[in-house]
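Observations on chain architecture
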Amino acid sequence: MNKPAIALVRVSTSEQGKSGLGLAAQEAAIRTFAAAEGFDVMEVVSEVTSGKLGVDDREGLRSALAKAKKLRCPVIVAKLDRLSRDVAFISGLMSRGVPFIVSELGADVDPFVLHMYAALGEKERKMIGARTKSALAALKARGVPLGNRTNLAEAQAKGQATNAAKAAEFAARVLPTIQQLKNQHMTLDQIAATLTNRGISTANGGVWNKSTISRLLKAA
């Protein structure tokens, strides 16, 4: 008999909430993971709000917590940042007595490791923010007009930098899992299949294959 679980999906803007952009993908990832790990998703709780808000200000999260506590089951999210991007917030959730499972990281990740992932993610975001501010300050000091649509070359350069930062952030999240699977003597094909079964998508939202795994490992 499968174990019960509550799914929580979140996006930050009303536009995303109305269109379903992001919510459907998160739910699909959670359901794929749940089926592979022996969970029955009893209910999917959706919320359209900022992850910066406290628990008391997030109706969806409070609802998911209450339902999970009543069923004595975990809350499953697709990615850790769907709970919050703040380490202190994650720590506070852990003290509420409701276990959380992040499908991207796997079912066996304990609270201590979740704290580590949250801390690494927060550190990486701060570093990206600092690098972005420094780059913009350097451009401004050189007299480059920021926000000028006619300045196409600079705009493209900034776009490429943003894409590179996103790629680095994604690699930082998923590489520990890939390395863990590799240490279990899995082949690249087996690693790709495991990530797919866990509901983890590639950076572009696609399906994993051995070439994608190989490129990530070489770039690390």
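One can find the structure itself at the top, above this paragraph.
Described in the following lines is the structure provided in the data block.

Cut-offs and rules
Residues numbered from 1 in each chain as written. Predicted model: local features only at pLDDT ≥ 70, side-chain atom pairs only at ≥ 80, totals over all residues. Heavy atoms only, no water. Helix = DSSP H or I, 4+ residues; strand = E, 2+ residues; numbered from the N terminus. Buried < 20%, exposed > 50% of the residue type's maximum accessible area, 1.4 Å probe, protein only. Contact = heavy atoms within 4.5 Å. Areas by Shrake-Rupley, 256 points an atom, 1.4 Å probe, with all protein chains shown as cover. Salt bridge = Lys/Arg side-chain N within 4 Å of Asp/Glu carboxyl O. Pairing = 2+ DSSP bridges. Axes fitted to C-alpha atoms, helices over the stretch in contact; angles between N-to-C directions. Core = buried A, V, L, I, M, F, W, Y, C linked by side-chain atoms within 4.5 Å. Parallel < 35°, antiparallel > 145°, perpendicular 65-115°, else oblique. Nonpolar A, V, L, I, M, F, W, Y, C, P; charged D, E, K, R; others polar.

Things to note about the overall build of the protein
Within the protein, the regular secondary structure consists of eight helices and four strands. Start at the N end of the protein and walk to the C end: the helices and strands fall as β-α-α-β-α-β-α-β-α-α-α-α. Going through the 220 residues of the protein one by one, you find that 37% of them count as buried. Put simply, 66% of the contacts in the protein that link residues at least 6 apart link residues at least 24 apart. Approximately 12,700 Å² of the protein is accessible, and the part contributed by carbon and sulfur atoms is 55%.

So, the pattern of salt bridges
A full pass over the atoms with the stated rule returns five salt bridges. A salt bridge links arginine 58 to glutamate 47; the nearest nitrogen and oxygen atoms lie 2.5 Å apart. With a gap of 11 residues between them, arginine 58 in the loop between strand S2 (39-48) and helix H3 (59-71) and glutamate 47 in strand S2 connect regions that are remote in the sequence. Judged on exposure class, the residue arginine 58 and its partner glutamate 47 are both buried.

So, the sheet that holds strand S4 (residues 100-102)
Taken in spatial order, the four strands make up an open sheet running S2-S1-S3-S4, and their pairing is parallel. Where the open sheet ends on each side, the last strands, each with one partner, are S2 and S4. Strand-to-strand twist in this sheet, taken as the mean axis angle between neighbours without regard to direction, amounts to 30°. Strand direction decides the pairing type here: strand S1 (residues 3-11) and strand S3 (residues 75-77), joined by two bridges, are parallel. Looking across to S3, one finds that alanine 7 is bridged to isoleucine 76. H3 contacts S1, S2, S3 and S4 of the sheet and is inclined by roughly 160° relative to S2.

Let's talk about the side chain of glutamine 26
With respect to the helices and strands, glutamine 26 occurs in helix H2 (residues 23-37). With residues up to four places along the chain from it excluded, the contact list for glutamine 26 reads Val9, Arg10, Val11, Ala78 and Arg82.

Observations regarding the nonpolar core
Looking at soluble globular proteins, one finds that nonpolar side chains tend to be buried together. Residues Ile6, Leu8, Leu61, Leu65, Val75, Leu83 and Leu93 are the most contacted members of the largest nonpolar core, which totals 20 residues. Contributions of two or more residues to this core are made by S1, H3, S3, helix H4 (87-94) and S4. In terms of residue count, the dominant contributor to this core is H3 (four residues). The residues contacting leucine 8, other than those within four sequence positions of it, are Ile30, Val45, Glu47, Gly60, Leu61, Ala64, Val75, Ile76, Val77 and Leu83. Counting 14 residues, the second largest nonpolar core, distinct from the first, contains Ala29, Ile30, Phe33 and Ile101.

Observations regarding the packing of helix H7 (residues 188-197) against helix H8 (residues 210-219)
Across the interface, H7 lies against H8 with an axial gap of 8 Å and an inter-helix angle of 100°. Of the possible angle classes, the one that applies to H7 and H8 is roughly perpendicular. Mapping the contact onto sequence places Leu188, Asp189, Ile191, Ala192 and Leu195 in H7 and Lys210, Ile213, Ser214 and Leu217 in H8. Along the lines of polarity and charge, the residues of the contact of H7 with H8 split into six nonpolar, one polar and two charged.

Considering unusual backbone geometry
Of note in the backbone geometry, arginine 72 takes a positive phi value of approximately 55° without being a glycine. Tracing the sequence through the fold places arginine 72 in the loop between H3 and S3. Arginine 72 sits in the exposed class, given a relative accessible area of 80%. Positive phi, normally seen in glycine, also occurs at histidine 185, with a value near 65°. Mapped onto the secondary structure, histidine 185 falls in the loop between helix H6 (152-183) and H7. Judged by its relative accessible area of 74%, histidine 185 falls in the exposed class.

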